[in-house]
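Here are the chains, one letter per residue:
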Amino acid sequence: MLMRLLLLPPLAGRRVPWPASAPVREAEERPLQGSPAPALALTPAGLMKGDKCEEPGPDPKPVAPQQPTEEEEALIEFHRSYRELFQFFCNNTTIHGAIRLVCSQHNRMKTAFWAVLWLCTFGMMYWQFALLFEEYFSYPVSLNINLNSDKLVFPAVTVCTLNPYRYTQIKGELEELDRITEQTLFDLYKYNSFNTLVTRPRGRRELRESLPHPLQRLRDPGSPSPARRVRSAASSLRDNNPQVNWKDWKIGFKLCNQNKSDCFYQTYSSGVDAVREWYRFHYINILSRLPDTFTSLEEDKLGNFIFSCRFNQASCSQANYSHFHHPIYGNCYTFNGENNSNLWMSSMPGVNNGLSLTLRTEQNDFIPLLSTVTGARVTVHGQDEPAFMDDGGFNLRPGMETSISMRKEALDRLGGDYGDCTNNGSDVFVKNLYHSKYTQQVCIHSCFQESMVRECGCAYIFYPRPEHVEYCDYRKHVSWGYCYYKLQDAFSSDRLGCFTKCRKPCSVTSYKLSAGYSRWPSVTSQDWVFQMLSLQNNYTIKNKRNGVAKLNIFFKELNYKTNSESPSVTMVTLLSNLGSQWSLWFGSSVLSVVEMAELIFDLMVITFLMLLRRFRSRYWSPGRGGRGAQEVASTPASSLPSRFCAQPPSPTSSLPSPDTSPTLAAPPPAYATLGPYPASSGLAGTSSAAFAQEEP
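The rules we used
For every chain, the first residue of the written sequence is number 1, and numbering continues from 1 onward in sequence order. Under the rules for a predicted model, residues below a pLDDT of 70 receive no local features and side-chain atom pairs below 80 are neither given nor counted, while totals for whole chains, interfaces and linings still include all residues. Water and hydrogen atoms play no part in the side-chain values, which are based on all heavy atoms of the structure. By convention in this document, the label disulfide applies to cysteine sulfur atom pairs within 2.5 Å. We count a stretch as a helix when DSSP gives it H or I for four or more residues in a row; a strand needs E for two or more, and each element gets its number in order from the N terminus. Only protein chains enter the accessibility calculation, which uses a 1.4 Å probe; a residue is then buried when its area is under 20% of its type maximum, exposed when over 50%, and partly exposed in between. Only heavy atoms matter for contacts: two residues are in contact if any of them lie within 4.5 Å across the pair. Residues belong to one nonpolar core when they are buried, are Ala, Val, Leu, Ile, Met, Phe, Trp, Tyr or Cys, and are joined through side-chain atoms within 4.5 Å. For two strands to be treated as a pair, DSSP must find no fewer than two bridges joining them. One number per residue, pLDDT, summarises how confident the predictor is, and it ranges from 0 to 100. To get an axis, a line is fitted to the C-alpha atoms, and for a helix only the part in contact is used. The angle between two axes follows their N-to-C directions and goes from 0 to 180 degrees.

Sorry, what's going on with the state of the cysteines here?
Disulfide: a covalent bond formed between the sulfur atoms of two cysteine residues. Inspection of every chain in the model, using the stated rule, returns eight disulfides. Bridging Cys160 to Cys332, the disulfide has an S-S length of 1.9 Å. Here Cys160 and Cys332 share a disulfide; its torsion about the S-S bond, 110°, makes the bridge right-handed. With Cys160 in strand S4 (residues 156–160) and Cys332 in strand S11 (residues 330–335), this residue pair connects regions lying 172 residues apart in the sequence. Each member of the pair, Cys160 as well as Cys332, carries the same accessibility label: buried. Each sulfur in the disulfide pair Cys256 and Cys263 lies 1.9 Å from the other. Residues Cys256 and Cys263 share a disulfide whose torsion about the S-S bond is about 115°; that sign makes it right-handed. Owing to a relative accessible area of 12%, Cys256 belongs among the buried residues under this scheme.

Written as structure tokens, this is what we have:
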């Protein structure tokens, strides 16, 4: 059914506001003879609660429309003021305590109390939030310790002779250095070494001047007076402490730069240390002149140093070891290294299930001023790691059986934001000169060698040599000693930055060692043991007990410990802690957080709209209201919408009285809404409207 509304001129000049959607009922038409046509009584069926019907009055002036009592919902609505927004938020939020700000608005003391309490609670909660976020972004880690048990790969074991060369083999190169050292010992300490060193008639001044950097005794300007020295000696006797000879505090040698503009003395508190270091300094220069093919040919065979080798009660073969030469520790042999095709596995702990070696430790042909320690040097390391004899090695005592028990430990660090470690060293800006697995020791030694090449122009002989670089020799590099000791001091205090550049590896496998010693062989068994060794290995020495040593290396247990790092505070933990704090202080949930976000968004929108309205009223359209009113007054009726214009009366409707005005007062538009205007509370008796129904 199509509904068409025909508006007739009102009889009494009164208008009836009517909603377009409200149904009406047409009153029964009962015309009387000689009476005016009855008006249609329109009864709104959708009259809302609180609406009042308008009663006709004598005032013909139109009544201003009433504002709607119920606002219709729009797609997007915002509150008109901050007060209205906060009242709505406090009345409808799920946050505890917010409604008390509205309920107690008639009591200012309670309102102030709850406002202060709510703000303090809010501040405490976000202070806790700040602490939680600070802890999360500090990236703490937790250390997890796991105990595992399985068959273990036996580590690599490197054993060195503690003598770089046989003295008879290198005596020609060391003869001049030995003579000068003998003369220096006699001049400083009145020690005559004719029984140990080869001598010949010589001029002492010529010998002292033939080598640079002579060893000297230096006067200590801060030495105490004789009376003070006596008092100090008496005090040391009471304290059972030996008195240090003040003459030994200043023994050293002088080093200068290239143009002799800067010099210093490398001094030592002990005369023994000073002589050994000075001899070693000159020995390094002699080694740099030796060809690469010059090695100790007598001990490069395994049988000349190691009498017996067994692992898991089985004899070792030549495929189980590799040989290399160290400039200080001599011939070294690595068992179960990376060159071993079949790595040794330990399936049982104990001394009988490990590596057992019988070593030759005699010193009848050692370099006397360089090799001052007897025995052998041993270190345990991984298969893909180089053997650092200085850093992690230990010495074996002759005539003793040394049993080394091992425990394996693994450490897995977290990289990235949780720790400064590297996986394979590819992100470390130091070239690996060892061409092996990255370790921190490999990086540190490579970094120092790079500094030597860059600052001194030569390579240190104890570290791998880069390509196209010579080893240091004061015949070619006059001031390399000055440069080396300066760099060594800077390296020890980390002024070179090597410890900063060389980061720790993320995965590290180490072996914890514990040693036990016993006399070997025993007094009752030494005769037949030495007899068997002499028959099998052509072993003939004068002092039998100081010429051999035995070494046992085994796993103490197959249980190994794995230490792994894990994030202490994850995203799940952070959210859980945040939720706990939110529930503690406000007793709400995640939806309450959304309500807070909605409140902040509404505040921003209201602030933006208020600023935009102020900007438009001040800069964009000044005086717009006056001109707008004039434009509306001068608008012709034909240009108005049809719902504001008078329509011709229908023939079926009653004629108006002669005193009624044919004009129709159009209600002003409701600018606050786009929906239909709500119905008026009263219906004018003089107004009439006819509805005609047409069938579609």
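Now, onward.
What should I look at first to understand the environment of Tyr136 in this one?
Its place among the elements puts Tyr136 in helix H3 (residues 108–137). Sequence-wise, Tyr136 and Val569 are 433 residues apart; in three dimensions their C-alpha atoms are separated by 5.8 Å. Tyr136 has contacts with Val569, Thr570, Met571 and Leu574, leaving out every residue within four places of it along the chain.

What is the right way to read unusual backbone geometry from this model?
Where the residue is not glycine, phi is negative for most of them; where a peptide bond is considered, it is trans in most cases. Trp520 connects to Pro521 through a cis peptide bond whose omega is -15°. With respect to the secondary-structure elements, Pro521 resides in the loop between strand S19 (507–519) and helix H12 (526–537). Unlike most non-glycine residues, Leu162 shows phi in positive territory, near 70°. Note on placement: Leu162 falls in the loop between S4 and helix H4 (167–189).

Help me out: how do you make sense of the nonpolar core in this one?
In terms of nonpolar packing, the biggest core is built from 59 residues, with Leu174, Leu215, Met452, Tyr460, Trp480 and Tyr485 touching the most fellow members. Counting residues per element, the ones that place at least two in this core are H4, strand S6 (251–256), strand S7 (263–268), helix H7 (271–287), helix H9 (440–456) and helix H10 (480–492). Counting residues per element, this core draws most heavily on H7, at nine residues. For Trp480, the contacting residues outside a window of four places in its chain are Phe281, Ile284, Asn285, Met452, Cys458, Tyr460, Cys472, Asp473 and Tyr474. Listed in part, the 28 residues of the second largest apolar core include Val159, Cys309, Phe335 and Leu357.

Explain the pairing of S6 to me, please; I cannot follow it from the model alone.
Within a regular beta strand, the side chains point alternately toward one face of the sheet and then the other, so they alternate between its two faces. A large share of S6 lies buried, amounting to five of its six residues. For strand S5 (residues 215–217) and S6, the ladder comprises three bridges, and the chain directions are antiparallel. In the strand pairing of S6, Leu215 is matched with Phe253. Alignment of S6 against S7, held across six bridges, turns out to be antiparallel. Looking across to S7, one finds that Ile251 is bridged to Tyr268. Turn length for the S6-S7 hairpin, with the two strands adjacent in sequence and antiparallel, is six residues, and the turn residue Lys260 shows positive phi of about 60°.

How should I be thinking about the environment of Lys550 in this particular structure?
The residue Lys550 is located in strand S20 (residues 548–555) in this model. With 191 residues separating them in the primary sequence, Lys550 and Leu359 have C-alpha atoms 6.1 Å apart. For Lys550, the residues in contact, after removing those within four places along its chain, are Ser356, Leu357, Thr358, Met400, Glu401, Thr402 and Trp520.

I would appreciate a short explanation of the confidence of the model for the chain in the present structure.
The predicted coordinates ought not to be read in detail in places where the model reports low pLDDT. For the chain, the mean per-residue pLDDT works out to 75, and 68% of the residues sit at or above 70. Between residues 225–244, whose pLDDT stays under 50, and residues either more than four places distant or in other chains, the model counts seven contacts. Low pLDDT, under 50, characterises residues 637–666; the predicted model gives this stretch 32 contacts beyond four residues in sequence or across chains.

Quick question: what am I supposed to make of the sheet that holds strand S10 (residues 321–326) here?
Strand pairing in a sheet is mediated by backbone hydrogen bonds. Such pairs are either parallel or antiparallel. Taken in spatial order, the five strands of this open sheet run S10-S11-S4-S14-S15, and their pairing is antiparallel. Of all strands in the sheet, those bounded by a partner on one side alone are S10 and strand S15 (394–396). With direction set aside, neighbouring strand axes in the sheet form an average angle of 25°. Sheet topology note: the S10/S11 ladder contains six bridges and is antiparallel. Of the residues in S11, the one forming a bridge with Tyr321 is Phe335.

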